[in-house]
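In case you want the letters, here they are:
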Amino acid sequence: GGAALLGLYMAWNIGANDVANSMADAVGSKSITLRNAVIAAAICEFLGAVLVGSSVTDTIRKGIIKPEVVAAVVTDEGISQPAQQNSGNGTASGDAAAPIEMSQPARKLALGMTCALFAAAIWLHAASSFGMPVSTTHSIVGAVAGVGIVAFGASAIDWWVLAQIVASWFISPVAGGLLACLLFILIRRAILMRPQPARAALRFAPLLVLLVAFVMSSAILHKGLQNVFQEASADWRWLSEQAVWVAVSTGLAAMVGARFYLVRRLRIATSLGTAEQLQRVEVALAPIVVLTSCCVAFSHGANDVANSIGPLAAVVDIVSNGTIEDQVPVPFWVLCLGGAGIAAGLAMYGYRVMHTVGSRITDLTPSCGIAADVSATAVVLLCSRWQLPVSTTHTLVGAILGVGLARGLGSVNQAVTRNIFGGWLLTVPAAAGVAMLLYVLAAFCFL
């Protein structure tokens, strides 16, 4: 019960911080109202988490704690011994009927994952209260590392995995920023800086929609639906195998649809002045930003939510079975709990981070939002294919910074940017420190 409440609290904080990022540029560019953004993101995240969320998660988040170290402790202390002592006749049937009793290592891990969940949630809540976008994944990683050091010793930590995550602090925003900067420069030169922006949009915007639809459908197929494909029958696996062609077909269909839509919206605008044409073009591009943001939210719900509340699934499995497995199932109620908590956190507290990312870093327009969303999604997709641990939050913020820098350094709020970078650097050590403190207090009381 306590772990479930912590899981709900963690999901609430994911909604308040992580999910707010996905809709930030749509709100910041005034493509959608804050109220409608909250509703759209909540629906997309909940559907992603519940319908196609991962049904299996790592017991020890991201391999930060070496499984062989925990296994060695389990072997030394004898995980099955307590259950045998409680059985009436020592037989297998007697063990099955007896109450499940956990060994000391299993107790440590269950208590540690609970403390890690609570510590990550506390740090996310603190960051959200200041409107600072930080990584949920890095918060969990830091918290689990802190627990691992206290519970099993520093040798239990896989420092190479931790070093890769630290490297992703730099890889994610730089890659997202560079790609977004290049894409926005391309949009500006092809459409926005032309003497007749409306005519240029009729010619080039459908190609932009082709790119957007290809990247977003690829992200949904490779990341959002990967859990479905891993467990699907052969009837569904063909979709995964033909993902590139499905994405290309989706892009071509979207391009044709966009052409008809833009002709209807912009044909009259071609006779107006340049400033009025620019305004009409940006308004016409607004639905694309909303769509890309919804795709980001859906993929996030499908891919990240179960992992973020993975410690809860680990605790549930350990308490239920008294054993430690490398991977554990994520119960359907945990996915529902995560989806509901995310929707509540986004609605109640997400406006703070949404305001920071969407409005305080740089002024956004729909064309800026498209460049940022597409670039961030493409970078996360490529890095996940190369098995590089990157943060969606860092990548998206870096992409928004790249769009700002494309218009000149003066268009970026450097004070806000410094604060965001400071929050990123603090995330792992802060979450680890809180987790260590919580575990020491909990171990004193319960172990």
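Residues numbered from 1 in each chain as written. Predicted model: local features only at pLDDT ≥ 70, side-chain atom pairs only at ≥ 80, totals over all residues. Heavy atoms only, no water.

## Some remarks on the overall build of the protein chain
Alright, step 1. Helices and strands together make up the secondary structure of the protein chain, namely 20 helices and two strands.
Alright, step 2. By the burial criterion, 55% of the 447 residues in the protein chain qualify as buried.
Alright, step 3. The long-range fraction of contacts in the protein chain, counting pairs at least 24 apart against all pairs at least 6 apart in sequence, stands at 84%. (Helix = DSSP H or I, 4+ residues; strand = E, 2+ residues; numbered from the N terminus. Buried < 20%, exposed > 50% of the residue type's maximum accessible area, 1.4 Å probe, protein only. Contact = heavy atoms within 4.5 Å.)

## Describing helix H8 (residues 159-192)
Alright, step 1. Compared with an ideal rise of 1.5 Å per residue, which puts 34 residues at 50 Å, H8 spans 48 Å between its outermost C-alpha atoms and is within 8% of the ideal.
Alright, step 2. Maximum bend of H8: about 30°, positioned at Ser168. (Expected span 1.5 Å × (residues − 1). Bend = angle between axes of the 7 residues up to and from the residue.)

## Observations regarding helix H20 (residues 414-446)
Alright, step 1. Between its first and last C-alpha atoms H20 spans 47 Å; for 33 residues at 1.5 Å apiece the expected length is 48 Å, and the two agree.
Alright, step 2. Where H20 starts, the residue carrying a side-chain oxygen 3.2 Å from the main-chain nitrogen of Ala415 turns out to be Asn413. (Polar contact = N/O pair within 3.5 Å; in protein donor to acceptor, adjacent residues only side chain to side chain.)

## Structural notes on empty space enclosed by the protein
In this approach the atoms are scanned with a rolling probe the size of a water molecule, which exposes any empty space left behind.
Alright, step 1. Going through the model one piece at a time under the given rule, you end up with two cavities of 30 Å³ or more.
Alright, step 2. Volume-wise, the second largest cavity comes out at about 80 Å³.
Alright, step 3. Lining of the second largest cavity is provided by Asp18, Val19, Asn21, Ser22, Glu45, Val296, His300, Thr392, Thr393 and Leu396.
Alright, step 4. Every element with two or more residues in the lining of the second largest cavity is listed here: helix H1 (2-28), helix H13 (274-303) and helix H19 (392-406).
Alright, step 5. Sorting elements by how many residues they give to the lining of the second largest cavity places H1 first, with four residues.
Alright, step 6. Taken together, the residues of the lining of the second largest cavity sort by class into three nonpolar, five polar and two charged. (1 Å grid on protein atoms, 1.4 Å probe; cavity = no way out; pocket = protein on both sides within 12 Å on 5 of 7 lines; lining within 4 Å. Points joined across faces, edges and corners; volume = space filled by probe spheres on them. Nonpolar A, V, L, I, M, F, W, Y, C, P; charged D, E, K, R; others polar.)

## With respect to the side chain of Asp25
Alright, step 1. With respect to the helices, strands and loops of the structure, Asp25 is situated in helix H1.
Alright, step 2. In this structure Asp25 is buried but unpaired, with Arg407 as the nearest side chain of opposite charge at 11 Å. (Lys, Arg positive; Asp, Glu negative; His and termini not counted. Salt bridge = Lys/Arg side-chain N within 4 Å of Asp/Glu carboxyl O.)

## Observations concerning the side chain of His394
Alright, step 1. Checked against the element boundaries, His394 lands in helix H19.
Alright, step 2. Residue His394 is classed as buried on the basis of its relative accessible area of 1%.
Alright, step 3. Among residues more than four places away in sequence, those in contact with His394 are Ser135, His138, Trp169, Ser172, Pro173 and Trp424.

## Overview of the confidence of the model for the protein chain
Alright, step 1. Confidence in the prediction of the protein chain, expressed as mean pLDDT, is 80, and 79% of residues score 70 or more.
Alright, step 2. Counting interchain partners and residues more than four positions distant, the pLDDT-below-50 stretch residues 77-99 has 20 contacts. (pLDDT = per-residue confidence, 0-100.)

## Here we look at a nonpolar patch on the surface
Alright, step 1. Together, Ile39, Ile43, Phe46, Leu47 and Leu51 give the surface a local cluster of nonpolar side chains, amounting to about 440 Å² of exposed area.
Alright, step 2. Tracing the sequence through the fold places Ile43 in helix H2 (residues 34-52). (Patch = residues over 30% accessible without salt bridge, like charges linked within 9 Å, V, L, I, M, F, W, Y side chains within 5 Å. Areas by Shrake-Rupley, 256 points an atom, 1.4 Å probe, with all protein chains shown as cover.)

## Focus on the pattern of salt bridges
Alright, step 1. If you walk through the whole model with that rule in mind, you get one salt bridge.
Alright, step 2. Across the salt bridge formed by Glu276 and Arg280, the nearest N and O atoms sit 3.4 Å from each other. Of the two residues, Glu276 and Arg280 both sit in helix H13, four residues apart, roughly one turn of that helix.
Alright, step 3. According to the relative accessible area criterion, Glu276 is partly exposed, its value standing at 31%.
Alright, step 4. Of the residues examined, Arg280 reaches a relative accessible area of 35% and is grouped as partly exposed.

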